Amino acid sequence: MTAFRFPACTLPPEAEALRAEVRAFASAALRDVPEAVRARGWAAFDADFSRRLGERGWIGMTWPKRYGGREKSMLERYVVLEELLAAGAPVSAHWIADRQSGPLILRFGSEEQRRFFLPRIASGQCFFCIGMSEPDVGSDLASVRSRARPVDGGWRLSGSKIWTSNAHQAHYMIALVRTSGEHGMRHAGLSQVIVDLKAPGVSVRPIKNLVGEAHFNQVHFDDVTIPADRLVGAEGQGWDQVVAELAYERSGPERYLSAFRLCLELARRAERRPDDAALAEAVGRMVAELATLRRMSLSVAGLLQAGQNPAQEAALVKELGTTFEQAMPRIAHALSEDEVPPATVEGYLTLAAPSFSLRGGTREILRGIIARGLGLR
Amino acid sequence: MSLELLHAALRRFTVEHATPAVRDGAEAGAFPAALWQAAEDAGFTRPFASGGWAEAGAIVQAAGRDALPVPMAESIAASWLLEQVGIEPPPGLLTLGEGEIELARSEVTGNLWRVPWGGDASHVVAEAAGELVLIPCPNLPMVFESNLAGEPRVSLVLDRRPCTLGTDRIAPGTVRRLGAAMRALQMAGAMSAALELAVEYANTRVQFGKPIAKFQAIQQNLAAMAVEVAAASAAAEGALSAIGETGFEFWAAAAKSRCGDAAGQAAAQAHAVFGAIGFTHEHALHRLTRRLWSWRAEFGSERYWNRELGRAALARGADNLWPDLTLR
Ligand SMILES: Cc1cc2nc3c(=O)[nH]c(=O)nc-3n(C[C@H](O)[C@H](O)[C@H](O)COP(=O)(O)OP(=O)(O)OC[C@H]3O[C@@H](n4cnc5c(N)ncnc54)[C@H](O)[C@@H]3O)c2cc1C
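Described in the following lines is the structure provided in the data block. (Residues numbered from 1 in each chain as written. Chains lettered and ligands numbered in written order. Predicted model: local features only at pLDDT ≥ 70, side-chain atom pairs only at ≥ 80, totals over all residues. Heavy atoms only, no water.)

1. Examining unusual backbone geometry
Part 1 of the reasoning: Positioned with a positive phi, Trp163(A) is a non-glycine residue whose angle comes to about 65°.
Part 2 of the reasoning: Structurally, the position occupied by Trp163(A) is in the loop between strand E3 (154-162) and strand E4 (172-178). (Helix = DSSP H or I, 4+ residues; strand = E, 2+ residues; numbered from the N terminus.)

2. Brief notes about the site of the ligand
Part 1 of the reasoning: As a structural note, the neighbourhood of the ligand is formed by 16 residues, with Ser133(A), Ser139(A), Trp163(A), Thr362(A) and Glu364(A) the closest of them.
Part 2 of the reasoning: Neighbouring residues of the ligand are not confined to one chain but are distributed across chains A and B.
Part 3 of the reasoning: Contact distances for the ligand include 2.7 Å between an oxygen atom and a side-chain N or O atom of Thr362(A).
Part 4 of the reasoning: Within the complex, the protein chains bury 64% of what would otherwise be the 970 Å² of accessible surface of the ligand.
Part 5 of the reasoning: Taken together, the residues that form the shell around the ligand break down as six nonpolar, eight polar and two charged. (Near = heavy atom within 4 Å. Polar contact = N/O pair within 3.5 Å; in protein donor to acceptor, adjacent residues only side chain to side chain. Areas by Shrake-Rupley, 256 points an atom, 1.4 Å probe, with all protein chains shown as cover. Nonpolar A, V, L, I, M, F, W, Y, C, P; charged D, E, K, R; others polar.)

3. What about the pairing of strand E4 (residues 123-128) of chain B?
All names here are of chain B.
Part 1 of the reasoning: The buried count for E4 comes to five of six residues, which makes it a mostly enclosed element.
Part 2 of the reasoning: Summarising the sheet, strand E1 (residues 94-96) and E4 pair through three bridges and their orientation is parallel. When the sheet's bridge partners are listed, Leu94 is paired in E4 with His123.
Part 3 of the reasoning: Judged from the six bridges that link them, E4 and strand E5 (residues 131-136) form a sheet pairing that is antiparallel. Bridge pairing links Val124 to Ile135 in E5. (Buried < 20%, exposed > 50% of the residue type's maximum accessible area, 1.4 Å probe, protein only. Pairing = 2+ DSSP bridges.)

4. Observations concerning the sheet that holds E4(B)
Residues and elements named next belong to chain B.
Part 1 of the reasoning: Read from one edge to the other, the open sheet built from four strands follows the order E1-E4-E5-E8, with strand pairing classed as mixed. Since the sheet does not close on itself, it has two edges, and those belong to E1 and strand E8 (164-165), each with one partner.
Part 2 of the reasoning: Where E5 meets E8, two bridges bridge the pair, whose relative direction is antiparallel. Paired with Val133 across the two strands is Leu165, which belongs to E8.
Part 3 of the reasoning: Contacts from helix H5 (residues 72-84) reach E1, E4 and E5 within the one sheet, and its direction differs from that of E1 by about 85°. (Contact = heavy atoms within 4.5 Å. Axes fitted to C-alpha atoms, helices over the stretch in contact; angles between N-to-C directions.)

5. Observations concerning the sheet that holds strand E6 (residues 142-146) of chain B
Residues and elements named next belong to chain B.
Part 1 of the reasoning: Taken together, four strands build an open sheet; the order of strands is E2-E3-E7-E6 and the sheet is antiparallel. Looking at strand neighbours, the two that pair on one side only are strand E2 (98-104) and E6, the edges of this open sheet. For this sheet, the mean inter-axis angle between neighbouring strands, taken without regard to orientation, is 15°.
Part 2 of the reasoning: In this sheet, strand E7 (residues 152-162) lies alongside E6 in antiparallel orientation, the contact comprising five bridges. Of the residues in E7, the one forming a bridge with Phe144 is Val154.

6. A look at empty space enclosed by the protein
Part 1 of the reasoning: Across all of its chains, the model carries two cavities of 30 Å³ or more by this definition.
Part 2 of the reasoning: Taken as a whole, the largest cavity spans an internal volume of roughly 70 Å³.
Part 3 of the reasoning: Forming the walls of the largest cavity are Arg38(A), Ala39(A), Gly41(A), Trp42(A), Leu85(A), Gly88(A), Leu257(A), Ser258(A), Ala259(A), Phe260(A) and Arg261(A).
Part 4 of the reasoning: The residue inventory of the lining of the largest cavity, partitioned by class, reads six nonpolar, three polar and two charged.
Part 5 of the reasoning: In terms of lining residues, the second largest cavity is bounded by Ala63(B), Leu68(B), Val70(B), Pro71(B), Met72(B), Ala73(B), Glu74(B), Trp117(B), Glu151(B), Gln186(B) and Trp295(B).
Part 6 of the reasoning: Ranked by residue count, the leading element in the lining of the second largest cavity is H5(B), at three residues.
Part 7 of the reasoning: Split by residue class, the lining of the second largest cavity holds eight nonpolar, one polar and two charged. (1 Å grid on protein atoms, 1.4 Å probe; cavity = no way out; pocket = protein on both sides within 12 Å on 5 of 7 lines; lining within 4 Å. Points joined across faces, edges and corners; volume = space filled by probe spheres on them.)

Scope: geometric values only; no functional claims are made or implied.
Below, the structure written as structure tokens:
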């Protein structure tokens with residue numbers, strides 16, 4: 001089989017009803033937020049905004065009610081995500097917990113972990129970060145070196161993580177670490193643990209990125225105590241869990257909407273210059289791509305709702321989506337004779353675009369996954 | 001017939017009837033009458049007798065996938081359009097025409113440019129003054145040309161030619177839009193076939209002691225091609241499922257634009273994988289890629305449709321960009 005399938009997905013009426021509510025909320029909440037700030041979208045951290053979303057039941061909304069969720073469908077969740085992203089809402093604080101840490105705990109965590117963490121996440125008051133990458137470990141994730149040694153009552157963790165988005169503002173990290181076996185044993189002996197970032201021995205150092213902002217961090221673990229009940233899932237099963245987690249990470253509409261405020265900006269420019277045929281043409285091409293991407297992204301949500309595991313399709317949509325997001329600043333530049341000041345939508349996205357095809361797995365790694373799906377490896 | 005059975009029947013049909021000799025003959029200018037007859041007998045040219053656009057779309061996509069040298073897409077689209085305006089589709093080969101024609105008292109005058117199989121069709125369906133018109137083709141003055149794939153494209157000269165009018169008027173651009181949707185589906189089919197061939201070839205061609213599929217450069221290029229093919233297929237299915245609905249105006253344009261873009265990239269990527277053998281007449285790849293290069297320019301190029309989409313979006317205003325997208 002060489003072609004990937006993206007079955008059409010139609011949103012049910014309850015999802016469309018929810019859309020109106022989310023759109024009205026976002027529009028009111030963001031009324032005075034400048035465009036250049038909205039352009040940051042899911043890189044903008046606003047704990048208060050996350051708490052307000054939690055109050056409305058828009059975080060962890062597919063989870064069981066007994067864990068603070070609302071038992072909504074994946075498609076209703078999809079509508080909430082796409083409306084917030086398109087509006088440029090500052091969703092970074094809770095994004096990772098809602099998208100991957102929470103689902104991971106729900107699927108692999110203990111009953112006690114679910115009861116403790118999930119309601120806190122869903123109320124928008126407990127934020128997570130992802131501890132996968134390390135200074136020597138990027139794409140080759142299976143070679144992590146951070147190590148948790150068994151001790152009475154739990155583990156002692158040493159090592160370091162890097163590029164950890166929001167570690168300086170989050171409450172917990174889910175870290176992929178070695179708990180048994182030797183370095184070089186690849187997938188065996190890895191586990192996921194929940195690290196309390198306030199615990200003694202944890203130090204977090206923000207790293208300024210090329211935009212000039214500090215979103216990601218280096219995190220050191222110096223003999224940090226990890227209680228036994230903070231191991232997620234079974235010891236040694238961390239690799240399979242991480243693979244499942246990455247599928248959550250790659251499946252959402254954030255992978256094509258990061259540059260949406262620039263799409264809007266381009267349309268506004270074209271509106272101001274109705275005689276510029278090249279601009280109108282670029283807007284047309286952009287609209288065709290957005291509609292195609294949305295159709296595919298929604299299809300992935302539909303597959304998730306149907307209980308399937310669309311890891312291949314999610315990788316493919318992420319690759320197409322980030323290619324589009326990265327093209328947007330180039331297209332805007334090609335159609336303009338003006339300089340680009342830094343504090344603008346175009347300025348910000350020009351600077352931020354290189355990261356789009358790195359975070360969540362690089363372009364080359366995703367193409368490798370697609371090639372596997374094609375039967376080439 | 002279920003869709004699965006239909007797919008299987010289409011596969012068998014191609015193997016049985018579209019032999020290399022038939023294909024070469026068609027390109028040399030001999031209409032493949034036996035192939036067409038077999039298609040008619042199988043019901044592939046008039047699918048609405050027993051099904052809807054799901055079946056018709058599968059046939060059109062397969063016609064693209066198998067590079068069939070007959071106008072199945074045109075006949076299907078023409079017969080559907082005729083039914084929409086209350087004209088009983090006549091038997092025989094139907095095609096779609098675009099050009100500049102005037103209508104006066106059930107007679108048309110003007111030119112239809114580069115009509116697919118215009119020399120072999122019994123009738124051409126075209127648009128004149130907001131009406132759909134059915135024009136008999138035989139014995140018209142004609143100029144014979146072809147596209148890059150060797151498919152006949154025949155210009156027709158009309159001088160007070162009697163035609164049949166429907167009971168209902170049509171929206172301007174109806175023929176072009178449906179033609180664009182057909183080409184989008186055919187391109188999606190042809191690209192999927194090219195990808196399938198390329199993957200199969202990469203897994204069998206050995207260089208430096210291993211199948212070239214094991215080289216990362218090949219894997220990366222084919223993955224990039226698969227992304228384009230998937231996007232094209234999704235857009236084409238968007239158009240297919242919108243036929244007859246309000247969203248069709250948008251999706252026909254978006255699909256033609258997106259598939260046209262993908263066609264150029266996918267054709268280039270496929271050829272790169274095949275090396276010199278793919279550059280020969282003997283190899284089947286060119287039957288797909290030459291069609292891709294032709295079809296992306298027919299019934300409106302990417303540029304044409306992007307401008308249409310852009311104008312429509314801007315007429316709605318930037319503030320409606322997102323709300324409109326969520327209605328698609
Ligand atoms: C903004 C941002 C936020 C991030 N947030 C987080 C976070 O919160 N948590 C976290 O754990 N990580 C995070 N990351 C890290 C991210 O996951 C890594 O950058 C990514 O996995 C790649 O690792 P690397 O940067 O070490 O590059 P490398 O793996 O060293 O790759 C460098 C280059 O080599 C290529 N390459 C590597 N291996 C192969 C191969 N097998 N085949 C072909 N090419 C290959 C890559 O594609 C790339 O082009 C973030 C990164 C960014 C940019």
